[in-house]
Amino acid sequence: MDTSKKDSIDIKTSLFITCLVDIFFPQVGESMVRVLKSLGVEIDFPEDQTCCGQPAFNSGFHHDAKEVAKRFLSVFNRSGFIVSPSGSCTSMVRVFYKELFKNEPKMIEVLDNISSRTYEFSEFLVNVLRVEDVGAIYNGKVTYHDSCHLLRELRIKDEPRKLIKSVKGVEFIEMNLHDACCGFGGTFSVKFPDVSASILDEKIENIVKSGADTIVSTDMGCLMQIGGALSRRGIPIKTMHIAELLASR
Amino acid sequence: METRRLRFEIDSASALKNQNLQKALRNATDRFRAIRERATGEIKDWEDLRRRAREIKKNTIEHIDQYLEILEESIKKAGGTIHWARDGNEACSIILDIARKNKVKSVVKSKSMATEEIELNQALEGAGIRVVETDLGEYIVQIAKERPSHILAPAIHKTKEDIARLFTERLNTQPNLEPEQITKVAREKLRGEFLSADMGISGVNFAVAETGTIVIIENEGNARLSTTIPRIHIALMGIEKVTPKFEDISTFLNVLFRSASGQKISAYVSFITGPKRKSDADGPEEFHLVIMDNGRSEILAHEETRETLYCIRCGACLNICPVYRKVGGHSYGWIYSGPIGAILTPQLLGIDKAPDLPFASSLCGACKDVCPVKIDIPRVLLELRKRVKDSKEGRKNTGFGERIAVRLWRFSMEHKIIYSLVSSLSYIVQKPWLKNGRLRSLPLPFSRWTNHRDFPAVSKTPFRRMWREIKDT
């Protein structure tokens, strides 16, 4: 990583919006844009982007994943910073592309170049822009679910918490087993739906017990799983992507 | 040996419904997690220690042929006998032959996953030999006529009430025994078995090449009794249990106990070098070490998944795994369960026997963080998933629907127009199922999601269209 770049936000920043946010949760992308713009970041959205290839990679279809990954690399080749509202998709690019392309030395150089500029949103704010208080206001009791990939592949634990705690009006509550998986796991959630739902049950139990009225995370995969159970059971706890919380005024 | 194809989804279904099992698993894994966390937190250089343990394993596995030869020489020098077994059947025959030659009628066993792996008890019993498991957990599982469901705690799937009921049923004890009373009953029953057995069979935690010493770890004293009282001691190990130097043991013991049982050291650590010597007051007259391959050299041949062989069987990955916590050990279909089972079983039995197991994980990665030898289990799982899909058997096992789905997915991800079209079409198609902005019950295959939770609706305006409006604001 080029550290001289870190102190500057003049570098153009590309949104890597992820297919999930694009199709199902565009408001998360919109919130991201608002927060970044309010911090004076110049952003663009490479319109040819689709998916990073993770669903196929995690399902064992490396050949198919590779073709989609190559597309990602060519779309973002000329970008400065690349910022994504997902710890999981960021892990795919930063960690798992190396696995996917390990037998293609030609790709490794392109890959290193791009993956060293790719960040998850909360990590980008805290570690690159050096911002913890984005001026957000939200009145509520907030608990945070650690997305597995953000926590254990990218080792980002404190950054989202710092951001949440800096929001005016937020009472932050750490729930029991906050770092335990929610049971989503991509295709795992439909390959073994009963197991996935059973893991989810325990997550919901811990969220409810925390007494929070809002559950925040960095990944819409987890929030789609958690939110799906909350709404099914009529539990009035709000799910929010961290970008949405930080865009609240 | 087990040859039926393992089916994780079917096998886990009954576990999920069993409330007793759910309670037992939750309590036990909670306790294991807490004591592990405390014990590893006490060590300042815990990460260094894990790295060192991994380095030793890595070096050993890379040069395993040399170390096994050194081990053979050392065992012979110590007066022991070495036997090499290509697979489980060979290992069973070797042990049976020794038993027959010595007219063995009864055997006491200390806990050993290797003997479970080759179904040694069935082989011995088939030859009319009485076999008694002497580890309390194994004893419980044996009288219940079940198989262990955890590497470390074989009866973890049972509550104390379950065990009291089992003792009443099978051993005619008073009903509702407390754990202390259960232990007392077992101890009384087992004492006689130790004294009358002709042969003791144990596993091996570590086998030191330079000295020919096998190390056995336990908390109940049953392994020490099994390996010292009977006339013959047979130890069975997989090839990966060899370690070059005696000093390696201190590193392993330091990481193993804390990861496994949250202890600084277990109650008993036995170092056994050959049979009884002239000067010894007691001990077995014969010591046999059976070293078996049983699929391990096949793992060795695959560089990408080789680290599976580093495992020292502490069970920490089982205790931390969100999947294991819900489905228990028996759902994995064979004796190795949890994350390590999900990578070990398909490699030992063949990927066609357990094609589901590499997929039976949410890839949360909690396992790699607790592994004392830092096995990157999620990475190995991903590699095995690829191997399943690349193999002929795997392709056969992949449903038509999944293959089509992947093709369609790739096609739409490679063509922006198709991608946008699919997203717009989905917005229209979803309408009949839409209720309060969510999809509550969808037809197959999407019902696999909506049976348990709501699915989000496809947005009318995808972000890419929204962007055009907001980019200049």
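From a predicted model like this one, the values you see are computed outputs, not experimental measurements. Per-chain numbering applies: the sequence of each chain, read as written, is numbered from 1 onward. Numbering of ligands from 1 and lettering of chains from A proceed in the order in which they are written. Local features in this predicted model are restricted to residues whose pLDDT is 70 or higher, and side-chain atom pairs enter the listing and the counts only when it is 80 or higher, whereas totals over whole chains, interfaces and linings include all residues.

Novice: Would you mind showing me how to read the overall build of chain B here?
Specialist: The numbering of helices and of strands both runs from the N terminus, where a helix is a DSSP run of H or I of at least 4 residues and a strand a run of E of at least 2. If you tally the helices and strands in chain B, you get 23 helices and 13 strands. Here exposure depends only on C-beta density: within 10 Å of a residue's C-beta, 20 or more other C-beta atoms make it buried, 12 or fewer make it exposed, and intermediate numbers make it partly exposed, the C-beta atoms being placed from the backbone. Residues counted as buried form 48% of the 473 residues belonging to chain B. Residues are defined as contacting one another if the C-beta atoms placed from their backbone atoms lie within 7 Å. Of the contacts formed within chain B by residues at least 6 apart in sequence, a portion of 74% connects residues at least 24 apart.

Novice: Any chance you could explain the overall build of chain A here in plain terms?
Specialist: On a plain count of helices and strands, chain A comes out with 14 helices and eight strands. Relative to a compact globule of 249 residues, whose C-alpha radius of gyration would be 18 Å, chain A shows 18 Å and is just as compact. Sequence separation of 24 or more characterises 79% of the internal contacts of chain A that already satisfy a separation of 6 or more. Atoms counted for the radius of gyration: C-alpha only. Globule rule: 2.2 Å times the number of residues to the power 0.38.

Novice: Teacher, can you tell me more about the interface of chain B and chain A here?
Specialist: The figure often quoted for interface size is the accessible area lost as the parts come together. Chain B puts 50 residues into the contact, and the matching count from chain A is 51 residues. Going through the elements one at a time, helix H1 (8-17), helix H15 (322-327), helix H18 (377-390), helix H20 (400-414), helix H21 (416-429), helix H22 (447-450), strand E13 (455-456) and helix H23 (463-470) of chain B are the ones with two or more residues in the side of chain B that touches chain A. For the side of chain B that touches chain A, the element with the most residues is H18(B), which contributes six residues. Its residues placed into classes, the side of chain B that touches chain A shows 25 nonpolar, nine polar and 16 charged. Side-chain classes follow a simple rule in which Ala, Val, Leu, Ile, Met, Phe, Trp, Tyr, Cys and Pro form the nonpolar group, Asp, Glu, Lys and Arg form the charged group, and the remainder, Gly included, forms the polar group.

Novice: Quick question: what am I supposed to make of the nonpolar core here?
Specialist: Soluble globular proteins tend to pack their nonpolar side chains together in the buried interior. In these notes, a nonpolar core means any group of buried Ala, Val, Leu, Ile, Met, Phe, Trp, Tyr and Cys residues linked to one another through C-beta atoms within 7 Å. One finds A:Leu246, B:Leu236, B:Val290, B:Cys317 and B:Ile377 to be the most contacted residues of the largest nonpolar core, which totals 208 residues. At seven residues, the largest contribution of residues to this core is made by helix H13 (residues 220-232) of chain A.

Novice: Sorry, what's going on with the confidence of the model for chain B here?
Specialist: The predicted structure's coordinates, where accompanied by low pLDDT, should not be read in detail. In this model, chain B carries a mean pLDDT of 95, and residues with pLDDT of at least 70 account for 99%. What the predictor reports for the complex is a pTM of 0.95 with an ipTM of 0.94. Within a predicted model, pLDDT stands for the predictor's per-residue confidence, ranging from 0 to 100.

Novice: What's the story with the pairing of strand E7 (residues 214-217) of chain A in this structure? I'm lost.
Specialist: Looking down a regular strand, the side chains alternate between one sheet face and the other. Residues and elements named next belong to chain A. Side-chain alternation along E7 places Thr214 and Val216 on one buried face and Ile215 and Ser217 on a second face that is also buried. Pairing between two strands is assigned when DSSP locates at least 2 bridges connecting them. Summarising the sheet, strand E5 (residues 137-144) and E7 pair through three bridges and their orientation is parallel. Across the sheet, Thr143 pairs through a bridge with Ile215, a residue of E7. By the bridge criterion, four bridges tie E7 to strand E8 (residues 238-241) in an arrangement that is parallel. Note on E8: the bridge partner recorded for Ile215 is Thr239. Handedness of the crossover is the feature at issue here: the chain leaves E7, passes through H13, returns alongside E8, and the resulting connection is right-handed. Seen with its strands pointing away from the viewer, a crossover is right-handed if its path from the first strand over the helix to the second goes clockwise.

Novice: In this structure, what is going on with the sheet that holds E13(B)? I would like to understand it.
Specialist: Within a beta sheet, neighbouring strands are joined by backbone hydrogen bonds and run either parallel or antiparallel to one another. All names here are of chain B. What the three strands build is an open sheet, ordered E11-E12-E13; its pairing is antiparallel. In this open sheet, the two strands that pair with only one neighbour each are strand E11 (434-435) and E13. Pairing of strand E12 (residues 438-439) with E13 involves two bridges; the strand directions are antiparallel. Paired with Leu439 across the two strands is Phe455, which belongs to E13.

Novice: What should I look at first to understand the packing of helix H3 (residues 26-38) of chain A against H23(B) in this one?
Specialist: How two helices sit against one another is set out by the angle between their axes and by the gap between those axes. Between N-to-C directions, angles cover 0 to 180 degrees, with each direction set by a line fitted to C-alpha atoms, over the stretch in contact for helices. For the pair H3(A) and H23(B), interaxial distance at closest approach is 9 Å and the crossing angle is 35 degrees. Crossing of H3(A) over H23(B) shows right-handed handedness. Between H3(A), through A:Pro26, A:Gly29, A:Glu30 and A:Val33, and H23(B), the contact on the second element is made entirely by B:Phe463, B:Met466 and B:Ile470. Of the residues that constitute the contact of H3(A) with H23(B), the class distribution is five nonpolar, one polar and one charged. Handedness of a crossing follows from how the near helix is turned relative to the far one, being left-handed for an anticlockwise turn of less than a right angle and right-handed for a clockwise one.

Novice: Could you clarify how one ought to interpret helix H9 (residues 160-171) of chain B in this entry?
Specialist: In an α-helix, one full turn covers 3.6 residues, which means residues spaced three or four apart are oriented alike. All names here are of chain B. The span you would expect from a helix comes to 1.5 Å times its residue count less one. Relative to the 16 Å expected for twelve residues at 1.5 Å per residue, H9 spans 16 Å between its end C-alpha atoms, a close match to the ideal helical length. Within H9 the residues assigned to the buried category are Ile163, Ala164 and Phe167. Angular distribution of buried residues about the axis of H9 spans 100 degrees; they occupy a single face of the element. Those residues of H9 hidden inside the fold are in contact with helix H8 (136-143) and helix H10 (179-196). In the stretch just after H9, Asn172 is the one whose phi turns positive, near 55 degrees. By definition, the arc is the one covered by directions from the helix axis to the C-beta atoms.

Novice: For this particular structure, what's the right way to read unusual backbone geometry?
Specialist: Generally, phi is negative for residues other than glycine and the peptide bonds are trans, each holding for most cases. Cis rather than trans, the peptide bond between B:Leu444 and B:Pro445 has omega equal to 0 degrees. With a phi angle near 60 degrees, A:Arg155 is a residue other than glycine that sits in the positive phi range. Mapped onto the secondary structure, A:Arg155 falls in the loop between helix H9 (148-152) and helix H10 (158-165). Unusually for a residue other than glycine, B:Asn436 sits at a positive phi of about 50 degrees. Within the secondary structure layout, B:Asn436 lies in the loop between E11 and E12.

Novice: I would appreciate a short explanation of the sheet that holds strand E2 (residues 43-44) of chain A in the present structure.
Specialist: All names here are of chain A. What the four strands build is an open sheet, ordered E2-E1-E3-E4; its pairing is parallel. Two strands lie at the open edges of the sheet, namely E2 and strand E4 (118-120), each paired on one side alone. Where strand E1 (residues 13-15) and strand E3 (residues 81-84) come together, three bridges link them in parallel fashion. Within the sheet, the bridge partner assigned to Leu15 lies in E3 and is Val83. Where helix H6 (residues 87-100) meets the sheet, its contacts fall on E3 and E4, and the angle it forms with E4 comes to roughly 155 degrees.

Novice: Please clarify how the environment of B:Ala114 should be interpreted in this entry.
Specialist: Residue and element names in this part refer to chain B. The topology assignment puts Ala114 in helix H6 (residues 113-117). Taking C-alpha positions, Ala114 is 9.8 Å from Asn294, a pair spaced 180 residues apart along the chain. Those residues in contact with Ala114 that sit more than four places away from it in its chain are Gly203, Leu236, Met237 and Gly238.

Novice: I tried to follow H23(B) on my own but got confused; where do I start?
Specialist: For H23(B), the set of buried residues is B:Phe463, B:Arg464, B:Met466 and B:Trp467. Relative to the axis of H23(B), the buried residues are bounded by an arc of 155 degrees and lie together on one face. The exposed residues of H23(B) that point more than 90 degrees off its buried face are B:Arg468 and B:Glu469. Tucked inside the fold, the buried residues of H23(B) contact helix H2 (19-23) and H3 of chain A.

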